[in-house]
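Here are the chains, one letter per residue:
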Amino acid sequence: MYDVVVVGGGPAGMAAAIRAKELGLKVLLLDDNDYLGGVLPQCIHPGFGIHYFKEELTGPEFAYRLMNKLDGVEVKTSARVLEIINYSDLEKFVVFTSPQGVQKVPTKTIIYAAGARERHAFEIGIVGDRVAGIYTAGETQTLMDIYGIMPGKEIVIVGSGDVGLIMARRFSLEGAKVKAVIELMPYPGGLARNIMILKDFNIPLYLSHKVVEVRGKGRVEKIKVVKVDENLREIPGTEFWIEADTLVISAGLIPNVKLLTEIGVAIDPSTGGPIVNDRLETSVPGIFVAGNALLINDLVDYVAEQGELAAEGAREFIENGGIPSRRWIRLVKGENVRLLAPHYLSGERDVWIYARVRRPMEDVVVEFPEIGKKIKLPVIKPAEMLRIKLKTEEISKAEDKITMRVVKHG
Amino acid sequence: MGKVYRFTCIVCPLSCTIEVEVENGKVKDVKGYTCPRGKEWAIEEVTNPKRVVMSVIPVEGGKLPTVSVKTEKPVPKDEIPELMKFLAGIKVKPPIRVGDVIAEFEGVRIVATRDA
């Protein structure tokens, strides 16, 4: 019997497996791809690892740093997990298929680090012809940076999230023309450093605009764009067409939690990931979650950190037959907080809070009124995750809940 | 009063907003940076903008069809199109390890960022 089966060999899963091994646990790491690293091998741009490795790396380099520490971990690639069976708190099974056939392995705990999927064209209400040349940003990244295939010549990108912006740079560098980035919201969706890419390549960004229709025979030929008002409603008469052969959708990521919902893990509708305590344990005892399956992160450094935390949780679970706490203090969303995790705090350990705001604001205070904690920040944006440490002694001041709210300073 | 350039720093994910004031072609003042690297970058962004460049190069018979590469140092922005043309002409054979030097362009080494 394994102590931990880690589902997913991306940064969260690898960091979890490495930490679990360091803690003396018997670990199996499963990934459905035929190479480890999750999305990292295709994220060939620099900017990774500043916090975690104190050095700036590309995605593949970050992945190799982790892979090199996997010695002693049993790893299976091309292994797709079909089912998780929660037999009891202390005995679970993971059913997976691989070139060796279908296997069912017993384990004491599971760390679920299956990442996220991309939202696709149908989810954002684009209508028209079903033609070739419509991709998600991640698909184009796989095509170009793993397989060396250019997806198109004249490209329109929907959404100004980080993956879309990074691909705008890749397309431009490799000689394609990025004709426009179309963003529904009145502010950009990606990190400020990535918005610089649009300036570098003179790519027009249309804020408060929406792609509504695609037309073409066999292949994308033209794309219809319309302006939206503050309630995101289309403004009649503002339609225009852009000629392009490729439409790239970068409309956000959704935590990949299907296998967890099948066994009744409670999901937080605002993160799209499971509701967790401060060991990243889900509502099913002994099942932990880390990385983009927990909530969509913007830095891989945080993803790896969550993997390690989940591994420490798994060790504690095995040693104590569960994650004990005298009481759980709820962390609650207040003003201008769109999502947060973890949801339950024990007050027995320091905790990193990950959160996102609803709308951009300048000169703000992040407040936790029940414990009297205040943090001043010059600027906050929905694209940039807030990561705040709450100390054991601060958390223990609370009765039953701690509210997090972001308000104007003064 | 000189011209003020406003940037989002791209040195690290902190994304500081840095303002550089330039008068008669000389940097007069730099504001908004949190680290010396950011200050240096902002001054360079006005006087001689540079970027780390990444791409992929075909690998004949490798584990994956391409190997990812990056320039070891940032290169001047106006040299990037020429660098990309140079990279488009290269093919490599396995084995390649992370960190191997694949080629050199204008004195800047092009290193592999994946195994192949």
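All values reported here derive from a predicted model rather than from experimental measurement. (Residues numbered from 1 in each chain as written. Chains lettered and ligands numbered in written order. Predicted model: local features only at pLDDT ≥ 70, side-chain atom pairs only at ≥ 80, totals over all residues. Heavy atoms only, no water.)

> What is the right way to read the overall build of chain B from this model?
Within chain B one finds two helices and nine strands. Traced from its N-terminal end to its C-terminal end, chain B shows the element sequence β-β-β-α-β-β-β-β-α-β-β. In terms of overall size, chain B is more extended than a compact globule, its C-alpha atoms giving a radius of gyration of 18 Å where 116 residues would be expected to give roughly 13 Å. Dimensions of chain B, computed from the C-alpha atoms along their principal axes, are close to 60 × 25 × 20 Å. Relative to its 116 residues, chain B shows a buried fraction of 46%. Across chain B, every contact between residues at least 6 apart in sequence was considered, and the portion connecting residues at least 24 apart equals 41%. When the accessible surface of chain B is totalled, it reaches about 6400 Å², and 51% of it is carbon and sulfur. (Helix = DSSP H or I, 4+ residues; strand = E, 2+ residues; numbered from the N terminus. Rg over C-alpha atoms; globule rule 2.2 N^0.38 Å. Buried < 20%, exposed > 50% of the residue type's maximum accessible area, 1.4 Å probe, protein only. Contact = heavy atoms within 4.5 Å. Areas by Shrake-Rupley, 256 points an atom, 1.4 Å probe, with all protein chains shown as cover.)

> Could you clarify how one ought to interpret the overall build of chain A in this entry?
Across its full length, chain A holds eight helices and 28 strands. In summary, chain A has a C-alpha radius of gyration of 22 Å against a globular reference of 22 Å for 410 residues, a match within 12%. Overall, the C-alpha framework of chain A stretches about 65 × 60 × 40 Å when taken along its three principal axes. Considering chain A as a whole, with its 410 residues, one finds that 57% of them fall into the buried category. Long-range contacts, defined here as pairs at least 24 residues apart, represent 61% of the contacts in chain A between residues at least 6 apart. Side chains of chain A give 52 positive and 54 negative charges; the mean places of these two sets differ by 3 Å. (Lys, Arg positive; Asp, Glu negative; His and termini not counted. Charge placed at Lys NZ, Arg CZ, Asp CG, Glu CD.)

> Got a minute to help me understand the pattern of salt bridges in this structure?
When their charged atoms lie close together, side chains carrying opposite charge are able to pair. Across all of its chains, the model carries 38 salt bridges over all chains by this definition. Between A:E123 and A:R117 there is a salt bridge, with its nearest N and O atoms 3.0 Å apart. As a salt-bridge pair, B:R51 and A:D200 come within 2.6 Å of each other at their nearest N and O atoms. With B:R51 in strand β4 (residues 50–51) and A:D200 in helix α5 (residues 192–200), the pair connects residues from two separate chains. Through salt bridges with shared partners, a single ionic network connects A:D129, A:E213, A:R215 and A:K224. (Salt bridge = Lys/Arg side-chain N within 4 Å of Asp/Glu carboxyl O.)

> Could you clarify how one ought to interpret the interface of chain A and chain B in this entry?
Reports of interface size often rely on the accessible area that becomes lost once the parts have come together. Taken together, the contact between chain A and chain B spans 29 residues of the former and 30 residues of the latter. Where chain A abuts chain B, roughly 2400 Å² becomes buried across the two surfaces, and 63% of that area is made up of carbon and sulfur atoms. For the pair chain A and chain B, the interface holds three salt bridges. Between A:D200 and B:K77 there is a salt bridge, and its shortest N-O distance comes to 3.0 Å. Where chain A touches chain B, the interface holds ten residue pairs in polar contact (both at pLDDT 80 or more). Elements that contribute at least two residues to the side of chain A that touches chain B include exactly β3 (46–48), α2 (59–67), α3 (137–145), α4 (162–173) and α5 of chain A. With five residues, α5(A) is the single largest residue contributor to the side of chain A that touches chain B. Classifying every residue of the side of chain A that touches chain B gives 14 nonpolar, five polar and ten charged. (Buried area = accessible area lost by both parts, 1.4 Å probe. Polar contact = N/O pair within 3.5 Å; in protein donor to acceptor, adjacent residues only side chain to side chain. Nonpolar A, V, L, I, M, F, W, Y, C, P; charged D, E, K, R; others polar.)

> Just to check I follow, could you spell out the environment of A:A176 for this structure?
All names here are of chain A. Examined against the element boundaries, A176 turns out to sit in the loop between α4 and β13 (177–182). Taking relative accessible area as the criterion, A176 reaches 11% and is therefore assigned buried. The sequence separation of A176 and A310 amounts to 134 residues, and the corresponding C-alpha distance is 42 Å. Apart from residues lying up to four places away in sequence, A176 is in contact with M150, G152, K153, I155 and F171.

> I tried to follow the pairing of strand β8 (residues 101–112) of chain A on my own but got confused; where do I start?
Every regular strand shows the same layout, with side chains that alternate between the two sheet faces. Residue and element names in this part refer to chain A. Bridging between strand β1 (residues 2–7) and β8 involves five bridges; their strand directions are parallel. Counterpart to V7 in the pairing with β8 is Y112. As paired elements, strand β7 (residues 91–98) and β8 share seven bridges and run antiparallel to each other. Within β8, the position partnered with V94 by the bridge is V105. Here β7 folds back onto β8, and the loop between the two strands holds two residues. Where β8 and strand β20 (residues 287–289) come together, three bridges link them in parallel fashion. Paired with I110 across the two strands is I287, which belongs to β20. (Pairing = 2+ DSSP bridges.)

> What am I meant to see in the packing of aromatic side chains here?
Each aromatic ring pair is described using two quantities: the centre-to-centre distance and the angle formed by the ring planes. Residues and elements named next belong to chain A. Scanning the entire structure with this criterion turns up ten aromatic pairs over all chains. When the ring of Y206 is compared with that of F240, the centres are 5.4 Å apart and the planes differ by 45°; the resulting orientation is tilted. One end of the pair, Y206, is in strand β14 (residues 205–206); the other, F240, is in strand β17 (residues 240–243), with 34 residues separating them in the sequence. You can call F240 partly exposed: its relative accessible area is 25%. By way of ring pairs, the aromatic residues Y52, F53 and F62 are connected into one cluster. Sitting over the ring of W241, K222 keeps its end group 4.6 Å from the ring centre. (Phe/Tyr/Trp six-rings, centres within 6.5 Å; stacked < 30°, edge-to-face > 60°. Lys NZ or Arg CZ within 6 Å of the ring centre and 35° of its normal.)

> Would you mind showing me how to read the packing of α4(A) against α5(A) here?
Angle between the axes and distance between the axes: these two values describe a pair of packed helices. Residue and element names in this part refer to chain A. Where α4 contacts α5, the two axes come as close as 9 Å, and the packing angle between them is 30°. For the element pair α4 and α5, the recorded crossing hand is left-handed. Listed contacts from α5 to D162, L165, I166 and R169 of α4 are N194, I195, I197 and L198. Tallied by class, the residues present in the contact of α4 with α5 amount to five nonpolar, one polar and two charged. (Axes fitted to C-alpha atoms, helices over the stretch in contact; angles between N-to-C directions. Left-handed = near helix turned anticlockwise from the far one by under 90°.)

> Would you take a moment to explain a positive patch on the surface for this structure?
Residues and elements named next belong to chain A. The grouping of K333, R338, R358 and R359 at the surface amounts to a positive patch. Relative to the helices and strands, R359 is located in the loop between β24 (351–357) and β25 (361–368). Residue classification places R359 among the partly exposed positions, given a relative accessible area of 38%. (Patch = residues over 30% accessible without salt bridge, like charges linked within 9 Å, V, L, I, M, F, W, Y side chains within 5 Å.)

> Can you walk me through the sheet that holds β14(A) in this structure?
Backbone-to-backbone hydrogen bonds join strands into a sheet, with any given pair of strands oriented parallel or antiparallel. Residues and elements named next belong to chain A. Pairing is parallel in the open sheet, where five strands are placed in the order β11-β18-β12-β13-β14. Strand pairing shows two members of the sheet lacking a second neighbour, β11 (134–136) and β14, which therefore form its edges. Relative to β13, strand β12 (residues 154–158) runs parallel, the two sharing five bridges. Following the sheet pairing, V156 is matched in β13 by A180. Each of β12, β13 and β18 (246–249) is contacted by α4, which is oriented at about 170° to β12, the strand it contacts most.

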